[in-house]
Amino acid sequence: MREKESWMQINAIVNAGGKLARIVKMEENTINDIDYVYYITVILTGETQKKTYHPNDIHEIKTWK
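Note that the structure is predicted; figures quoted are calculated from it, not measured.

When its secondary structure is counted, the protein chain shows zero helices and six strands. When its helices and strands are written in sequence order, the protein chain yields β-β-β-β-β-β. For a compact globule of 65 residues, the expected C-alpha radius of gyration is about 11 Å, and the protein chain comes in at 12 Å, within 12% of that figure. Its C-alpha atoms put the protein chain at 40 × 35 × 15 Å along the principal axes.

See the structure below:
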């Protein structure tokens, strides 16, 4: 379980286990007015099947301007 961050959104492009992926689903819950994410389901680039990851294995892709 991990506290939900602003970049954790459906259709966000992320790094999942070292590969580029798109978030398609998140298992969430709110406890004491804090949103938590339990699992994140993604589709890896170049694949068609969904894979579920623990939120600690998903990382934001940072861009610089």
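Okay, back to it.
Across soluble globular proteins, nonpolar side chains have a tendency to be buried as a group. With 14 residues, the main nonpolar core has Val14, Ala16, Ile23, Ile40, Val42 and Ile58 as its most contacted residues. At the level of elements, strand S2 (13-16), strand S3 (19-31) and strand S4 (34-44) are the ones that each hand at least two residues to this core. In this structure Ile40 touches Ile23, Lys25, Met26, Lys51, Thr52, Tyr53, Pro55 and Ile58, once residues within four positions along its chain are discounted.

What follows covers the pairing of S2. Where burial is concerned, the two faces of S2 differ: the one with Val14 and Ala16 is buried and the one with Ile13 and Asn15 is not. Looking at chain direction, S2 and strand S6 (residues 58-60) are connected through three bridges and run antiparallel. The residue of S6 that forms the bridge with Val14 is Glu60.

Quick look at the pattern of salt bridges now. Within this structure, the stated rule accounts for four salt bridges. Close ionic contact of Glu28 with Lys4 constitutes a salt bridge, the shortest N to O distance being 3.0 Å. Taken together, the positions of Glu28 in strand S3 and Lys4 in the loop between strand S1 (2-3) and S2 put the pair 24 residues apart, joining distant regions of the chain. The class of Glu28 is partly exposed, set by a relative accessible area of 42%.

With respect to the element layout, Ile34 can be found in strand S4. With 21 residues separating them in the primary sequence, Ile34 and Pro55 have C-alpha atoms 16 Å apart. Setting aside its immediate chain neighbours within four residues, Ile34 contacts Glu3 and Asn29.

Cut-offs and rules
- Positions within a chain are numbered from 1, following the residues in the order the chain's sequence is written.
- The predicted nature of this model means local features are confined to residues of pLDDT at least 70 and side-chain atom pairs, given and counted, to a pLDDT of 80 or more, with totals for whole chains, interfaces and linings taken over all residues.
- Values reported for side chains reflect all heavy atoms of the structure, with hydrogen atoms and water molecules removed beforehand.
- Every helix listed is a DSSP run of H or I at least four residues long, and every strand listed is a run of E at least two residues long, numbered separately from the N terminus.
- Each radius of gyration reported is based on C-alpha atoms, and the globular scaling rule is 2.2 Å times the count of residues to the power 0.38.
- Among buried residues, the Ala, Val, Leu, Ile, Met, Phe, Trp, Tyr and Cys ones that are joined through side-chain atoms within 4.5 Å form a nonpolar core.
- Think of it in three bands: residues with accessible area under 20% of the maximum for their type are buried, residues over 50% are exposed, and the middle band is partly exposed, with areas taken using a 1.4 Å probe on protein chains only.
- Contacts are assigned to residue pairs with any non-hydrogen atoms lying within 4.5 Å of each other.
- For two strands to be treated as a pair, DSSP must find at least two bridges joining them.
- Salt bridge, as used here: a side-chain nitrogen of Lys or Arg that lies within 4 Å of a carboxyl oxygen of Asp or Glu.

Scope: geometric values only; no functional claims are made or implied.
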